[in-house]
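As a plain string of letters, each chain reads:
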Amino acid sequence: MDEKIEHVSVKKSKKIVFLIWLLPFIALLISTSMLYKHFEKQGEEIEIYFDNAEGFVVDKTPLKYKGIKIGIVSSIEVDEKNINRFLVRISVDKKALTLVAKKGTKFWKVEPKATLTEISGLNTIFSGIYIEAMPSAQNIEQIKALEEQHTFNAVSEKPINYLQDGLFLDLKSSSGTLEVGAPILYKSFLVGKIVKKNLKDNNIFYTIFIEEEYKDLVKEDSSFWNISSIDLKASLSGIKFKVNTLASLIAGGIAFDSNSLKEPLKDTNKIFNLYSSKEDIDYLADYVVLKTEVEHGLEKEFSKVLYDGIEIGYVHDLSFVLEDKQSFIFIKIKKEFASLLKQNPYFELKKPTISLEKLDELSNVIKGTYINLTKRSTKEEEIKDIYTLHNEPIKRKTLEIVLKSDDTLKVSNDSAVFFKDIKVGQVKNKKLHSKSDELRVEVEIFKEYSYLVNDSSIFYIQSPVEINASLENISFKTAPLSGFINSSIAFETKNLKAKRTVNRFYLFPSYEKMLEQKYFLQKGERYTLSLDNANSVLKSNSIYYKGIEAGKVVSKKYNEKTKKVDAQIFVFEKYAKYINESTKFYSISGFDVDFSLEKVNIKTQSLNTLVKGGISFISLDEKAKEVKSFHKFEFYKSLDEILKEERFNENGLRVVVLAKSKSSLKENSPIFYRQLQIGVVEKYNLAKDGTSVELQLYIDEKFKHLVRENSIFYNATAFGMEISLLGVKVTTETLETLLAGGISLVTPTEYKEKAKPMMRFPLYDDVEEEWLQWNPKFEKL
């Protein structure tokens, strides 16, 4: 029998089978997912050409954007076309691919860097070198709109991110001493830096970046200057030493300044000039070029340019062309003096010289060699490209005059001519007149001062020191410093409004002589005094009228005809009107002593006239006839002499008394009548036969009727002495006559006819008592 074997089938679980087949599927999904993620992350490769691939490592060197890894170097190859370049393939994350694989993206290698101006990339010391990417736009939509690009050329340095907030400006400079990274300072505060430097058309262009918060400090008229290192300028006229910030001391830098009242800069494309220093801002940007063929001795940066003594520029650069033997001098002129370049400027080289003839250039020793600018026109002209540097002073327009002198003059060519100590001209030459010993000095008066010369001008030689001393005062007048070495000429013009009708003037040998001439140029009259002796009057004597100076003695000369000395005097017009035919001139020098028993009267003039002497005049009759110029007057020794002459006029009576001896009588001894003076002893002399002394008496006009034919004259000096028991009695006319002498007159009561002129009478020594009793009464004069 077939045993039916019943097999019990084992039922397998369908769930387990499902799970087994599910695992591979899951694994497949995971793998697929991983592959998807791998390829999703791996993105696409881009190619970048580097000049230097040192430090790059495949699968290690990352590509970063703002510090975030967005790719990795997948391969490095040498460029088949240029072995100095390297092709670096970078696998870029797919999400970042749309950011960097665009036209305009910049790539550069970031590595440790330390220079004077920049320290960067220090983080790569630990993390390793990496590649940085910078899109050409910051807006993602703008980036997406850019054309795709997968091959690039790396830049050598981090590019400027013009997209960041702030202000980018370009500066033009003639030198390139500054480096990228150098600071930008505003009032010594760091506000930016130099981000780019390049050479274009022989100029250096700097691109600077001003931080966003400081960009409004830049105005349209902002000025930028180089503050590199130490600023040292030294010359004979001074030393400038300036040190900027420590950073600028090391690396240099740029500073700028602006007018705070102006609006912020709007035209950001404007190119500013970068000046060498802050001082250069005041100067024109362009050079003024001078050429010369002479040895100039100018020094770069130290030699100045002056205009009317004011520094308006300096020598910035020098060059020499050997073939042409010409020097070219590049000078900088301040902007405020730029207009001088349009007025036909004359550039003259000024060198320091010290000599007896050139002492006036002493200031040049301090200034050093410099260039002097003189404008030759007031009208504006076109500015030239090159000017000539002259070695001689500009030929100035002058007024030429001739000065004549009879004296030796220590002036030479180029001697200065001063007016109030200002040089207004110079001596052109000096020569003798062809037919005499007269010296003629040709003088050039600078045209701008020609109005100072007219017919009232007086020229004189100016001594180093003029001393004018008198009893009233003492004064000093000195010439300018150069006048101590070089004789110079000076002049004064009394009336600037006067006309100039002549070009020839007299040149006085001294200031004193000029003053004398100036004195006599005043309005006045001239007269002549006839002197017995020249010593009676000095040439410097003044003429006084009632104590006020009215003129001076001009000259003295001997008169052959009269055998006297004629003194010419000058009297001011306002005093000359008091002079007529009755005028008497007399000496007022010395003492006038009036001695009597009543008083002792000493009269003297001023101390000045006492020492120097003087002349005064008196007019006895105001209605007398006027006199003409050079009328000749007699000169009297004193006023008393004049009065005496007036007193002893022809209207008086002159008689002669005969005395046994002169006794104490003398000229001017008084004649008394009843002890009242009626006349004087006019003169006396010994009688021809020697028997007596003849005394000529002058009896005043109003007393001449007292003298009669029977009148008696006796010596009043006699006195009587009577001795009795009661004592001693002394009798005399007066005590004055006792001491000084005198003559008394008595006339009998019964008098006779009037005495005739020059009638002779005896002079009695004693008076008789009877005479004293006479008492005539003169009824009919």
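A brief report on the enclosed structure follows. (Residues numbered from 1 in each chain as written. Predicted model: local features only at pLDDT ≥ 70, side-chain atom pairs only at ≥ 80, totals over all residues. Heavy atoms only, no water.)

**Side note on the overall build of the protein**
Under the convention used in this document: Helix and strand definitions here come from DSSP, where helices need a minimum of 4 consecutive H or I residues and strands a minimum of 2 consecutive E residues; each element is numbered from the N-terminal end. The buried label applies to any residue whose accessible area, calculated with a 1.4 Å probe on protein chains only, is under 20% of its type's maximum; exposed applies above 50%, and partly exposed to all values in between. The contact criterion used throughout is that any non-hydrogen atoms of two residues lie within 4.5 Å. The accessible surface values rely on the Shrake-Rupley method and a 1.4 Å probe; as for residues, cover is taken only from the protein chains in view.
Secondary structure summary: the protein contains 11 helices and 52 strands in total. By residue count, 39% of the 781 residues in the protein fall in the buried class. The contacts of the protein with a sequence gap of at least 6 include a subset with a gap of at least 24, amounting to 69%. Of the roughly 48,200 Å² of accessible surface on the protein, 53% is carried by carbon and sulfur atoms.

**Things to note about the side chain of N710**
Selection criterion: Whenever a nitrogen or oxygen atom comes within 3.5 Å of another N or O atom, the pair is scored as a polar contact, on the condition that within protein one atom can donate a hydrogen and the other can accept it, and that pairs from neighbouring residues in sequence are kept only if both atoms are in side chains.
Tracing the backbone shows N710 in the loop between β47 (693-699) and β48 (712-715). Classification of N710 as buried rests on a relative accessible area of 16%. Here E750 takes part through its backbone oxygen, which lies 3.0 Å from a polar atom of the side chain of N710. Only 3.2 Å separates the side chain of N710 from the backbone nitrogen of K752, close enough to count as a polar contact. Setting aside anything within four residues of it in sequence, one finds N710 in contact with T747, P748, E750, Y751 and K752.

**Quick word on the side chain of N715**
The topology assignment puts N715 in strand β48. Apart from the residues lying within four places of it in its own chain, the contact partners of N715 are S663, L665, G742, L763, Y764 and D765.

**A short note on the environment of F491**
Within the element layout of this structure, F491 appears in strand β33 (residues 488-493). Given a relative accessible area of 2%, F491 falls into the buried group. F491 sits 23 residues away from M514 along the chain, and the two C-alpha atoms are 8.9 Å apart. Apart from residues lying up to four places away in sequence, F491 is in contact with V417, F418, F419, V424, I445, L452, V453, S457, I458, F459 and Y460.

**Digging into unusual backbone geometry**
The phi torsion at N344 lies on the positive side, around 45°, for a residue other than glycine. Position of N344 among the secondary structure elements: in the loop between β22 (326-333) and β23 (345-350). Look at R674: it is not a glycine, yet its phi comes out positive at around 55°. When you line up the elements, R674 lands in the loop between β45 (670-673) and β46 (676-686).

**Overview of the packing of aromatic side chains**
Here is the rule we go by: Stacked, edge-to-face and tilted are the three classes for Phe, Tyr and Trp ring pairs, Trp counted by its six-membered ring, which pair at centre distances within 6.5 Å; planes under 30 degrees apart are stacked, over 60 edge-to-face, the rest tilted. Counting as a charge over the ring demands two things of the Lys NZ or Arg CZ atom: a distance within 6 Å of the ring centre and an angle within 35 degrees of the ring normal.
Tallied over the entire structure, the rule returns 30 aromatic pairs. Geometrically, the ring pair formed by F520 and F570 is edge-to-face, given 5.5 Å between the ring centres and 75° between the ring planes. Of this pair, F520 sits in helix α7 (residues 511-520) while F570 sits in strand β38 (residues 564-572), and the two are 50 residues apart along the sequence. The two residues F520 and F570 agree in class, both being buried. These aromatic residues form a ring-pair network of at least three members: Y527, Y545, Y575, Y578, F585, F617 and F633. The cationic tip of K109 hangs over the ring face of F56; the distance from NZ or CZ to the ring centre is 5.6 Å. The cationic tip of R526 hangs over the ring face of F520; the distance from NZ or CZ to the ring centre is 5.5 Å.

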